[in-house]
Amino acid sequence: MSQNKHLKQTQHHFRWIIVLTSLIVIGAAAFVGYRYFNSAKESLPREVKLTAVGDSLTQGVGDPTNKGGYTHLIRQKVTQTNPNVHLSTANYGISGETTDQINHRVVYSKRLAHSLREADMITITTGGNDLLKFLKVNVVGLSKHQLDQKLTGYCQTYQTRVTRLFRNIRHLNRRAPIFVFGIYNPVYVYFPQVSYIITTQSAIRTRSQIR
């Protein structure tokens, strides 16, 4: 009887040891998990750098507040929704530049290249001035069929230019996400200039016929 009693006591103690050990393991795991997720929160980027490159849309032309267009709106939104994150922006938009001109700055501007290397986010606007340049040359004097043919060839050329721009940016920074901002109908935005071109060329043609 004494042996059975002793065996039962030993088993009882053994169970308690297992329970205590399990509690210690669970507690240690909880502590490690707490430390891990807390450290993850503490390691969130306190400062995020945004570099914006492009044309007038990036520069902020037309912004009634004169605060830099959409880059200011992004910084404002991030500040409101993420108080622990400080977003700094560098705006390298220049009104009137085509994709090739923007790409030239990416390659040869040391300040822009440095900003792109350090950026956590990159935004681009381009294409509107490329379209305007095409329209200046081709919008008058061509039939619809001729214009469609020229436009098809120009689209392929433009795709090559954009690809080159992205490749050069990625050469400077391989980790930052790139966001491309544009407008649904660029002809609508640039229409006043196109209309002026058509009116001017029509007037020149009329004068030449009178003479």
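Refer to the structure printed above.
Note that this is a predicted model, so its numbers are computed, not measured.

Chemist: Got a sec to walk through the overall build of the protein? Specific residues and values, please.
Modeler: Check the secondary structure of the protein and you find eight helices and four strands. Shown N-terminal to C-terminal, the secondary structure of the protein runs as helices and strands in the order α-β-α-α-β-α-α-β-α-α-β-α. The proportion of buried residues among the 211 residues of the protein is 27%. For the protein, the exposed area adds up to about 15000 Å²; of that, 60% sits on carbon and sulfur atoms.

Chemist: Give me the sheet that holds strand β4 (residues 178-180): which residues, what numbers.
Modeler: Read from one edge of the open sheet, four strands run β2-β1-β3-β4, paired in parallel fashion. Here the strands that pair on one side only, and so sit at the sheet edges, are β2 (86-93) and β4. Averaged over all adjacent pairs, the angle separating strand axes in this sheet is 20°, with direction ignored. Together, β1 (47-54), β2 and β3 (121-125) form the strand contacts of helix α3 (residues 70-81), whose direction differs from that of β2 by roughly 175°.

Chemist: Mind laying out the pairing of β1, listing which residues take part and the relevant values?
Modeler: By the criterion of burial, β1 is predominantly enclosed, with six of the eight residues buried. Both β1 and β2 contribute to a ladder of eight bridges, which runs parallel. Its bridge partner being in β2, Val53 is matched across the sheet by Tyr92. Taken together, the five bridges between β1 and β3 define a ladder with parallel strand orientation. In the strand pairing of β3, Leu50 is matched with Met121.

Chemist: Report on the layout of surface pockets, specifying residues and quantitative values.
Modeler: Its boundaries defined by the atoms lining it, the second largest pocket holds a volume of some 150 Å³. Contributing to the lining of the second largest pocket are Gly127, Asp130, Leu131, Leu151, Tyr154, Cys155 and Tyr158. Tallying contributions element by element places helix α7 (residues 144-172) first for the lining of the second largest pocket, with four residues. Of the residues assigned to the lining of the second largest pocket, the class counts are five nonpolar, one polar and one charged.

Chemist: Before we move on, can you summarise the side chain of Thr98 with the specific residues and values?
Modeler: If you trace the backbone, Thr98 turns up in the loop between β2 and α4 (99-108). Aside from chain neighbours lying at most four places away, what touches Thr98 is Thr126, Asn129, Asp130 and Lys133.

Chemist: Could you give an account of α3, with specific residues and numbers?
Modeler: The α-helix advances 3.6 residues per turn, and as a result positions three or four apart in sequence lie on the same side. Relative to the 16 Å expected for twelve residues at 1.5 Å per residue, α3 spans 16 Å between its end C-alpha atoms, a close match to the ideal helical length. Of the positions making up α3, those classed as buried are Tyr70, Thr71, His72 and Ile74. Here the buried face of α3 lies against β1, α2 (56-59), β2 and β3.

Chemist: Lay out the nonpolar core in plain terms, naming residues and giving numbers.
Modeler: Proteins that are soluble and globular tend to have nonpolar side chains buried together. Membership of the largest hydrophobic core comes to 14 residues, with the highest contact counts inside it found for Val53, Val106, Leu116, Ile122 and Ile169. Within the residue set of this core, elements represented by two or more residues are α4, α5 (110-118), β3 and α7. Discounting chain neighbours no more than four positions away, the residues touching Val53 are Thr58, Tyr92, Ile102, Arg105, Val106, Leu112, Thr123, Ile124, Thr125 and Ile169. Core analysis: the second largest hydrophobic core is formed by six residues, Ala52, Tyr70, Ile74 and Leu87 among them.

Chemist: Summarise the pattern of salt bridges; cite the residues concerned and give the values.
Modeler: All chains considered together, the criterion is met by five salt bridges. One salt bridge connects Arg105 with Glu97, and the closest N-O pair in it is separated by 2.8 Å. With relative accessibility at 13%, the residue Arg105 sits in the buried group. Overall, the relative accessible area of 12% leaves Glu97 in the buried class. Of the charged contacts in the structure, one is a salt bridge between Arg175 and Asp120, with a shortest N-O distance of 3.4 Å. With Arg175 in the loop between α7 and β4 and Asp120 in the loop between α5 and β3, the pair connects residues that are 55 residues apart, well separated along the chain. On the basis of relative accessible area, Arg175 is assigned to the exposed category, the value being 55%. We classify Asp120 as partly exposed; its relative accessible area is 26%.

Basis of the calculations
Residues numbered from 1 in each chain as written. Predicted model: local features only at pLDDT ≥ 70, side-chain atom pairs only at ≥ 80, totals over all residues. Heavy atoms only, no water. Helix = DSSP H or I, 4+ residues; strand = E, 2+ residues; numbered from the N terminus. Buried < 20%, exposed > 50% of the residue type's maximum accessible area, 1.4 Å probe, protein only. Areas by Shrake-Rupley, 256 points an atom, 1.4 Å probe, with all protein chains shown as cover. Pairing = 2+ DSSP bridges. Axes fitted to C-alpha atoms, helices over the stretch in contact; angles between N-to-C directions. Contact = heavy atoms within 4.5 Å. 1 Å grid on protein atoms, 1.4 Å probe; cavity = no way out; pocket = protein on both sides within 12 Å on 5 of 7 lines; lining within 4 Å. Points joined across faces, edges and corners; volume = space filled by probe spheres on them. Nonpolar A, V, L, I, M, F, W, Y, C, P; charged D, E, K, R; others polar. Expected span 1.5 Å × (residues − 1). Core = buried A, V, L, I, M, F, W, Y, C linked by side-chain atoms within 4.5 Å. Salt bridge = Lys/Arg side-chain N within 4 Å of Asp/Glu carboxyl O.

These results come straight from atomic positions and should not be treated as a statement about function.
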